[in-house]
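If you want the building blocks of each chain, they are given just below.
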Amino acid sequence: MPFRHSAALPFLQHHSPKPRIMAKKAAKADSAAPVPASSTGGDTYTVLARRYRPQTFTELVGQEPVARALGNALTANRVAHAYLFTGARGVGKTSTARILAKALNCEKGPTPAPCGVCANCVSIASGEDVDVIEMDAASNRGIDEIRDIRNNVQYKPSRGRFKIYIIDEVHMLTKEAFNALLKTLEEPPPHVKFIFATTDVQKVPITILSRCQRFDFAGISLPRIVEQLRKIVEREGLQADNDALELVARRAGGSMRDAQSLLDQLLAFAEEKLTADQVHRLLGTAGDDRILTLAEAILAKNPGAVLDQLAEVSLSGLQLGELLDQLIAYWRDLMVVHVGGLQGRDLSVPSRHHATLEKHARTLSLDAILAGLDVLSTAKSRLRGSNHARTLVEMALIRLAHLADLVSLGQLATAVAQLRSDPRGLAPAAASAGRPTTAGLSPGVRTSEGLGDAVKKNHLTPATEAAATPATPFSIENWTEHWPLLLSKLGTMLGGQLARAGVPAITGPNALVFRFSAVYNKEREYCQRPEGIARLERVLRELTGQDWKITIETQAASTPTVAEAPEAPRATRRSPKE
């Protein structure tokens, strides 16, 4: 989850001198906590993200493969003339660029372990070295800046071995600037090195990529961030609960810099010991107990209790967007536990709530959990820019409370097929429920109540489902008998997408083709996934007792889907290829 600043945090940071003084004392007492040369005495405070910035390859957290590759290149004297570092924000791209610059220009180098104390290392770490030019492409993106580089690369470095250009957010350069850089980048003078960093490598032209050695920086795992934050808290002489540090790390979303910046603000807020409640209170998020209580009300299908819980959240001043994010994380936990169990899973709730989480996961089907995630994700996307945030959240939570009462697409398709074969089939179901019968109506105008009752009464029990299994072999003539049952066995997600396909055709011995019209490209791509094809083949094998070769393709002209296919003589529905 991306890190966001709170409006109250700057005030807290500038009006809490106690942590600031302790941080300075800890930095002096512990040589392992690096202090940039730009930090001066007096009341100047250097934020944690700068003071604990890695200064050697061994201090890089979560980027060991990159550190090893660069270290080996330095040892073997195989350093390239241009590097491209790509990855999310705050994972160590610029820090690695500075470490590489120190390794190249250290007085004891080139070496994979720069000393950090010579004049070159100190000036590079502080950003004041005349031979290491750091440039932000977001604010220097024009061709004039690149022309200056082209004019200056011919001059040798002042005191170091190499003149090194570090260009951050290089994807922000204009097309003209990239073109001006090409020739210099391909054949630079031997004393020049280029190091580019970007968070959006897709915007970097391929002509630039082909001239650089590319390193992809992965997001830092949650345990590694928590471990680093714990070390920082200890060096600062402060205390923090493990749950609080885990919340901070999870909030950072794989970014070490975001985690350190947030920890800096939270330490200024905490009086003696940073706790999870303080983190929730400062970030405007709900506590774990509140999330579980809300989930209990949803799973109990008690919309009144759900609205009461939501009202308490609003009165507490908590952010509704944050609440949705937490519910999405909890429903993701339900999905993970339902599929793979608790053991070794990265879950958003602390271990003391794992038993409750496992109980909740057992009460829901996988389709219901996935549908719940869709509901919550849709509500979150609609929340942006809306003036009716509370109404949208209430709608989403009430939908969640009634998800178990919804009828799946496969069951609806089975009911529709029965309607076509027996136009009066729904009348007894409607009458038995005390509702007016609709026997005299066509299938297209029957009431949804009658259809729902028929589905629930006639198509949800194992006995009727087994009885509905066609005894005849699967063929293009009797596909309507097999299709609803096939969709129901495929499940809500895959069955719903496959329902968009046109009339299936048999093109050869046990060769089945599903054709999608051009307007259903997304549905076609979903069904074409290897796992989707495998599941479809498995269900067909169970239904027919034969192996089938499945082909999914696009056709230019739209054909009727299952829901749209008109009733016609079977001879007229034969595939053109037969």
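Up top you'll find the structure we're talking about.
Residues numbered from 1 in each chain as written. Predicted model: local features only at pLDDT ≥ 70, side-chain atom pairs only at ≥ 80, totals over all residues. Heavy atoms only, no water.

**Focus on the overall build of the protein**
Selection rule: Only runs of H or I of at least four residues qualify as helices and only runs of E of at least two qualify as strands under DSSP, and these elements are numbered from the N terminus. Relative accessible area decides the class of each residue, using a 1.4 Å probe on protein chains only: under 20% of the type maximum gives buried, over 50% gives exposed, and in between gives partly exposed. Contacts: residue pairs with any heavy atoms within 4.5 Å of one another. Every accessible area reported is derived by Shrake-Rupley at a probe size of 1.4 Å, with residue values counting cover from the shown protein chains alone.
Secondary structure assignment for the protein yields 27 helices and 10 strands. Here the protein holds 578 residues, and the buried ones make up 46% of them. Contacts spanning at least 24 positions in sequence make up 71% of the contacts within the protein whose residues lie at least 6 apart. Per element, the accessible surface of the protein, about 28400 Å² overall, is 52% carbon and sulfur.

**Structural notes on helix α13 (residues 276-283)**
Burial runs high along α13: six of the eight residues are buried. Those residues of α13 that sit buried are A276, Q278, V279, H280, L282 and L283. Downstream of α13 by one or two residues, G284 has phi in the positive range, about 75°.

**Considering the pattern of salt bridges**
For clarity, the threshold we go by: Salt bridges are defined as contacts in which a side-chain nitrogen from Lys or Arg sits within 4 Å of a carboxyl oxygen from Asp or Glu.
A complete count under the given rule lists 24 salt bridges for this structure. Where K231 meets E227, a salt bridge forms, and the shortest distance between an N and an O atom there is 3.7 Å. Here the residue K231 and the residue E227 both occupy positions in helix α10 (residues 222-235), the gap between them amounting to four residues, near one helical turn. By relative accessible area, K231 is classed as partly exposed at 37%. For E227, a relative accessible area of 36% corresponds to the partly exposed category. The closest approach of N and O atoms between R529 and E531, which form a salt bridge, is 3.3 Å. Overall, the relative accessible area of 46% leaves E531 in the partly exposed class. Among the charged side chains, a network of salt bridges with common partners joins E246, R250 and D346.

**Observations regarding the state of the cysteines**
Where we set the bar: In plain terms, two cysteine sulfur atoms within 2.5 Å form what is called a disulfide here.
Counted under the stated rule, the structure contains zero disulfides. Note on C115: no disulfide assigned, nearest cysteine sulfur contributed by C118 at a separation of 3.5 Å.

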